[in-house]
Amino acid sequence: MKYIWHGHSFVEIHTQSGHTVLIDPLISNNPLCTCDLDTIHADYILVTHGHEDHLGDTIEIATRTNALVIAMVELADFLAQYDIQTFGMNCGGRQTFPFGNVKFVYAQHSSSYHDMYMGLAVGIHVEDSVGSIYHMGDTALFSDLKLVPYADVCFIPIGDCFTMGIEDAVIATTLIQSQHFVPIHYNTFPQIAQDPQQFKDACKKTVIIPDAGVLYPVPTRIKTI
Ligand code: NI
Ligand code: MN
C-alpha cells in the first residue's frame, strides 16, 4: 500500500491490488494540489462528508473515470442524480471491495452540501492485504477514537477552526491505535493556517510531514513470524 497527500484532506491510495483510491479529492481551489482534473486516474473515490472542501471534484472525476463513489448513504443517494456510480454505507459498517475493506467510523462533525443534509460525517478506515490507513475526515477530539481499529497510518486534521487544532490533535494521537500520523487539513485557506512541525514536535508518536504530490509507502507493522 502506498499513499500520496495532495494538500488539504485529499489522499490518493495505491492498493496492493493495483487500484487507485482517492479520498476527498479536492483539486480546484487546492493550492498544494498539482493534479490535473482532466487526466487524474481513479478506480474508487471515498468521500468523508458533503462539505465542498471534501466532496471536492468527485462528480467530475467520477463522470470521466467511471470510478465508484463510496460515501454515507444520504450523500451517495444525493450524488446518484449526477449519473455516477455510487455505493452507500453508514457509520460502523464495513464492506469488502476488490481493493480491500472499507469501514466507516465516527467523526464529530457536520455534513451538508449547499445547506442540504448529507447524513453523518465519517472517518474512513481502509485495509488491503498488506496495510491499513485511517483517514479521519473532519473531526473534533472525542474519546471513542480509541475504538477505531489499528491502522498503519492515520491522516489527522490539525487546522483548527473547523476541526481539531494542534493541541487536540496531539491528545488524539494518544488515543488512536496508530504509530504513524500524517497531518492534513491545514494551510489551504487562512482560517486553518498551522505549522505542521509544531504538531510533530509536540507529538510522542511518529509524525510524517509528506511533500504534496509525492508517493510514500505505508509503513507496515513488523510481523514476528
Ligand atoms: Ni467539513
Ligand atoms: Mn473540511
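Everything here concerns the structure above.
Residues numbered from 1 in each chain as written. Chains lettered and ligands numbered in written order. Predicted model: local features only at pLDDT ≥ 70, side-chain atom pairs only at ≥ 80, totals over all residues. Heavy atoms only, no water.

A. Spatial organisation of the sheet that holds strand β16 (residues 215-217). The sheet built from seven strands is open, its strands ordered β6-β5-β4-β3-β2-β1-β16 with mixed pairing. Single-partner strands in this sheet number two, and they are β6 (86-89) and β16. Across the sheet, the mean angle separating the axes of adjacent strands is 25 degrees when strand polarity is ignored. Bridging between strand β5 (residues 68-72) and β6 involves four bridges; their strand directions are parallel. Across the sheet, residue Ile70 finds its bridge partner in β6, namely Phe87. Against the sheet, helix α2 (residues 58-65) makes contact with β3 (20-23), β4 (44-46) and β5, and its axis sits at roughly 165 degrees relative to β4, the strand it touches most. (Pairing = 2+ DSSP bridges. Helix = DSSP H or I, 4+ residues; strand = E, 2+ residues; numbered from the N terminus. Axes fitted to C-alpha atoms, helices over the stretch in contact; angles between N-to-C directions. Contact = heavy atoms within 4.5 Å.)

B. Focus on helix α4 (residues 166-175). Buried within α4 are the following residues: Ile166, Ala169, Val170, Ala172 and Thr173. Seen along its axis, α4 keeps its buried residues to an arc of 160 degrees; they face one direction. For α4, the exposed residues set more than 90 degrees away from the buried face come down to Glu167 and Thr174. Looking at the buried positions of α4, the neighbouring elements they touch are β13 (153-157), β14 (180-184) and α5 (196-202). (Buried < 20%, exposed > 50% of the residue type's maximum accessible area, 1.4 Å probe, protein only. Arc of directions from axis to C-beta.)

C. Structural view of the coordination of the manganese ion (ligand 2). Taken together, the protein donors to the manganese ion (ligand 2) comprise Asp53 (OD), His54 (NE2), Asp138 (OD) and His185 (NE2), at separations of 2.2 Å. Positions of the donor residues of the manganese ion (ligand 2) along the chain correspond to the pattern D-H-x83-D-x46-H. Taken as a pair, the manganese ion (ligand 2) and the nickel ion (ligand 1) show a spacing of 3.3 Å, with Asp138 coordinating each metal. As far as burial versus exposure is concerned, Asp53 and His54 are alike and both buried. (Donors = N, O, S within 2.8 Å, 3.2 Å for Na, K, Ca; no water.)

D. Seen up close, the side chain of Thr48. By secondary structure assignment, the location of Thr48 is in the loop between β4 and α1 (52-55). Among the residues examined, Thr48 registers a relative accessible area of 0% and is labelled buried. A polar atom in the side chain of Thr48 sits 2.8 Å from the side chain of Asp24. A polar contact is formed between the side chain of Thr48 and the side chain of His49, at a distance of 2.9 Å. Apart from the residues within four sequence positions on either side, Thr48 is in contact with Ile23, Asp24, His54, Leu120, Ala121, Val122, Ile124, His135 and Gly137. (Polar contact = N/O pair within 3.5 Å; in protein donor to acceptor, adjacent residues only side chain to side chain.)

E. Just the sheet that holds strand β11 (residues 122-127), in detail. What the seven strands build is an open sheet, ordered β7-β8-β11-β12-β13-β14-β15; its pairing is mixed. What marks the edges here is a single partner per strand, and that holds for β7 (94-97) and β15 (206-207). Relative to strand β12 (residues 132-135), β11 runs antiparallel, the two being bridged by four bridges. Counted as the bridge partner of Val126 is Ile133 from β12.

F. Structural detail: α2. Residues of α2 that are buried: Thr58, Ile59, Ile61 and Ala62. Down the axis of α2, the smallest arc covering the buried residues is 165 degrees, so these residues share one side. Packed against the buried residues of α2 are β3, β4, α1, β5 and α3 (73-79).

G. Region of the structure containing the coordination of the nickel ion (ligand 1). Distances from the nickel ion (ligand 1) to its protein donors, His49 (NE2), His51 (ND1), His109 (NE2) and Asp138 (OD), fall at 2.2 Å. Considering all four donor atoms around the nickel ion (ligand 1), the spread of angles at the metal, 90 to 177 degrees, places the coordination shape in the irregular class. Within one chain, the residues donating to the nickel ion (ligand 1) are spaced in sequence as H-x1-H-x57-H-x28-D. (Tetrahedral: all angles 85-135°; square planar, octahedral: opposite > 155°, others 65-115°.)

Any functional reading would require information beyond the geometric quantities listed.
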